[in-house]
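What follows is the residue order along each chain.
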Amino acid sequence: MSADELNKFVAYCKKIQPQSQQDIKRFFEGVVGFPYDKELLLQAYLFLNIQSLFTNCSELLLFEKSPIADYTDLGKCDFVYLTTTGNLFLIETKFIDTEATGATERKRRNKHRNKVFDQVITLKSRFSEYWDIQLAYLSCGVFTTDPEVEWRGNNAGVITESISIEKLEQWRRNYQP
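Criteria and thresholds
- Residues numbered from 1 in each chain as written.
- Predicted model: local features only at pLDDT ≥ 70, side-chain atom pairs only at ≥ 80, totals over all residues.
- Heavy atoms only, no water.
- Pairing = 2+ DSSP bridges.
- Helix = DSSP H or I, 4+ residues; strand = E, 2+ residues; numbered from the N terminus.
- Right-handed = clockwise from strand over helix to strand, strands pointing away.
- Axes fitted to C-alpha atoms, helices over the stretch in contact; angles between N-to-C directions.
- Parallel < 35°, antiparallel > 145°, perpendicular 65-115°, else oblique.
- Left-handed = near helix turned anticlockwise from the far one by under 90°.
- Contact = heavy atoms within 4.5 Å.
- Nonpolar A, V, L, I, M, F, W, Y, C, P; charged D, E, K, R; others polar.
- Disulfide = S-S within 2.5 Å.
- Buried < 20%, exposed > 50% of the residue type's maximum accessible area, 1.4 Å probe, protein only.
- Phe/Tyr/Trp six-rings, centres within 6.5 Å; stacked < 30°, edge-to-face > 60°.
- Core = buried A, V, L, I, M, F, W, Y, C linked by side-chain atoms within 4.5 Å.
- Patch = residues over 30% accessible without salt bridge, like charges linked within 9 Å, V, L, I, M, F, W, Y side chains within 5 Å.
- Areas by Shrake-Rupley, 256 points an atom, 1.4 Å probe, with all protein chains shown as cover.
- Salt bridge = Lys/Arg side-chain N within 4 Å of Asp/Glu carboxyl O.

Caption draft 1: The pairing of strand S5 (residues 159-162), seen in detail. Summarising the sheet, strand S4 (residues 138-144) and S5 pair through four bridges and their orientation is parallel. Each residue of the ladder has a partner; that of Gly141, found in S5, is Ile159. In this fold, S4 hands off to helix H6 (residues 150-156), which returns the chain to S5; that crossover is right-handed.

Quick look at the structure:
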């Protein structure tokens, strides 16, 4: 990926998401204090712990925006990070209720696991086509509350990380900004 292509994309990101990293951090810290949405709490954990989860992520470029201009019908990406090597890293998050039991819940979990992988793989492909960025410069990851996603990532070229619901709640209760 040329420096021009990267600079063009970074400029686009700063235009549609002009908040500073510090402003975004304050937003996520507010989510921790008032966890009204479990998915958003999971995203707050990811943002506030990005270096320990996905070590090569350096700067958040987009959060919950479409990386394909204003085409939200083509999908929003939960996170787009610039990496320490100058590549782009797309991350999709999914709060999967691993504590629910029964056949219906097992089917729901499996559907959610499949969906989060399909989302990030599809976004990577669309992203590459729209921005004319070679796939080699795009990586993708999935972050969930379900450790079962790990083996799926190996086969799909997707980096996976997870945190249990119990540990997420414990982190929320003990978080100190």
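Caption draft 2: Local environment of the packing of helix H2 (residues 21-33) against helix H3 (residues 38-48). Their axes nearest at 9 Å, the elements H2 and H3 cross at an angle of 135 degrees. The pairing of H2 with H3 is recorded here as oblique in orientation. Regarding H2 and H3, the two cross each other, and that crossing is left-handed. Counted together, Gln21, Ile24, Lys25, Phe27, Phe28, Glu29, Val31 and Val32 of H2 and Leu40, Leu41, Gln43, Ala44, Phe47 and Leu48 of H3 form the full contact between these two elements. Grouping the constituent residues of the contact of H2 with H3 by class yields ten nonpolar, two polar and two charged.

Caption draft 3: Inspection of the sheet that holds strand S1 (residues 57-65) at higher detail. Taken together, five strands build an open sheet; the order of strands is S1-S2-S3-S4-S5 and the sheet is mixed. Whereas interior strands pair on both sides, the edge strands pair on one side only; in this sheet they are S1 and S5. Strand after strand, the sheet turns through a mean of 25 degrees between neighbouring axes, direction not considered. Sheet strands touched by H3: S1, strand S2 (77-83), strand S3 (88-94) and S4. Its angle to S3, the strand with the most contacts, is close to 145 degrees.

Caption draft 4: Local environment of the state of the cysteines. In the structure shown here, the tally under the stated rule is zero disulfides. The thiol of Cys57 is unpaired, and the distance to the nearest cysteine sulfur, on Cys77, comes to 11 Å. For Cys57, a relative accessible area of 0% translates into the label buried.

Caption draft 5: Local environment of the packing of aromatic side chains. Tallying each qualifying case throughout the model produces 16 aromatic pairs. Taking 5.4 Å as the distance between ring centres and 80 degrees as the angle between the ring planes, the aromatic pair formed by Tyr130 and Trp131 counts as edge-to-face. Given a relative accessible area of 39%, Tyr130 falls into the partly exposed group. By the ring-pair criterion, three or more aromatic residues cluster together here, those being Phe27, Phe28, Phe47, Phe63, Phe79 and Tyr81.

Caption draft 6: Focus on the nonpolar core. Counting residues in hydrophobic clusters, the biggest one holds 28 residues, and the most contacted among them are Phe54, Phe79, Tyr81, Ile91 and Phe143. Looking at this core, the elements with two or more residues in it are H2, H3, helix H4 (50-53), S1, S2, S3 and helix H7 (165-174). If one sorts the elements of this core by residue count, H3 sits on top with seven residues. With residues up to four places along the chain from it excluded, the contact list for Phe143 reads Leu42, Tyr45, Leu46, Leu53, Phe54, Ile91, Glu92, Thr93, Lys94, Glu161, Ser162 and Ile163.

Caption draft 7: Highlighting a nonpolar patch on the surface. Residues Phe27, Phe34 and Tyr36 make up a contiguous nonpolar surface patch of roughly 410 Å² in combined accessible area. Mapped onto the elements, Tyr36 comes out in the loop between H2 and H3. Residue Tyr36 is classed as exposed on the basis of its relative accessible area of 63%.

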